[in-house]
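Okay, here's what each chain looks like letter by letter:
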Amino acid sequence: MVPGIIEVKLATTLMAGWMAAASPVPVPSEVVALLLEAKAATPVEVKLYDENLRVDATVVLRRDGSTDPVTKKAVTKLFRCRVTNRSYPIKQRTLAMLADIADRYDGKTIEFVSAYRVQRGESRTSPHRDARAIDFRIRGVQLREIRDYLWRNYSEVGIGWYPSEQFIHMDSRPTLHDTAWTFLKGNNRYKPYWAELARRPESTRTVAARRPGS
Ligand SMILES: [Zn+2]
């Protein structure tokens, strides 16, 4: 068993104990733990809106970002480069974050701006070129809220806030340092105030930041 799974099991058991204690009728904590584990194993429905083509698309992802081959093909096509029409599978870690976001904002539509990008002019080091990044917003949710949630709860990621363009950039970067930025007036401003605030110990809700997919 990998450490990530043990952590989840431990958290689940602790949460089950708390839920059983809070319930007006006695509920064995083992039963609650089983229910929570079942929920954790249930795939997530991800409601998407393709901003380029202005069409809706719903896909089902497992929480670790994996999926069945047919869905994988559909997701790859959905997130293709819109300039070159070339496609490449988006990394599982990035899809795991997408599944988490969809679960957290259950029932809301994720409007995606772009994902895989390989057109001329796209930087060689761009996480979009490497199929690790998605730019998106969620109808009815403040960008600040999504930005802080991702930055607080994940490590090995890049999170960019684009207030003028109204989207969040998220990427998984297992071999690079965490990076946060605000895009303002054509430039990335690194180490923004919000990143520092979101990770202050008093506002940290989880004991350790999760890696995408774990
Ligand atoms: Zn981006």
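Residues numbered from 1 in each chain as written. Predicted model: local features only at pLDDT ≥ 70, side-chain atom pairs only at ≥ 80, totals over all residues.

1. With respect to the confidence of the model for the protein
We apply this condition: As a per-residue quantity, pLDDT reports the predictor's confidence and falls between 0 and 100. Contact criterion: two residues are in contact if their C-beta atoms, reconstructed from the backbone, are within 7 Å.
Per-residue confidence for the protein gives a mean pLDDT of 88, with 86% of residues at or over 70. Contacts from residues 1–11, a stretch scored under 50 in pLDDT, to residues over four places away or in other chains number 3 contacts.

2. So, the nonpolar core
We apply this condition: To count as a nonpolar core, a set of buried Ala, Val, Leu, Ile, Met, Phe, Trp, Tyr and Cys residues must be joined through C-beta atoms within 7 Å. Neighbour counting defines burial: a residue surrounded by 20 or more other C-beta atoms within 10 Å of its own C-beta is buried, one with 12 or fewer is exposed, and intermediate counts give partly exposed, using backbone-placed C-beta atoms. In this description a helix means any DSSP run of H or I spanning at least four residues, a strand means any run of E spanning at least two, and both kinds are numbered starting from the N terminus.
Membership of the largest hydrophobic core comes to 35 residues, with the highest contact counts inside it found for Leu-98, Leu-150 and Met-170. Those elements that place two or more of their residues in this core are strand 1 (44–50), strand 2 (55–61), helix 4 (92–104), strand 4 (133–138), helix 5 (143–153), strand 5 (157–162), strand 6 (167–172) and helix 6 (193–198). If you tally residues by element for this core, the top one is helix 4, at 7 residues. Leu-150 has contacts with Met-97, Val-157, Ile-159 and Met-170, leaving out every residue within four places of it along the chain.

3. Some words on the pairing of strand 6
Side-chain direction in a regular strand flips from residue to residue, so the side chains alternate between the two faces of the sheet. The criterion, for reference: At least two DSSP bridges between two strands are required for those strands to pair.
For strand 6, the tally of buried residues reaches 6 of 6 residues, placing the bulk of the element in the interior. On strand 6, burial covers both faces: Phe-167, His-169 and Asp-171 on one face and Ile-168, Met-170 and Ser-172 on the other are all buried. The hairpin formed by strand 5 and strand 6 contains 4 residues between the paired strands, and Gln-166 there has a positive phi angle of roughly 65°.

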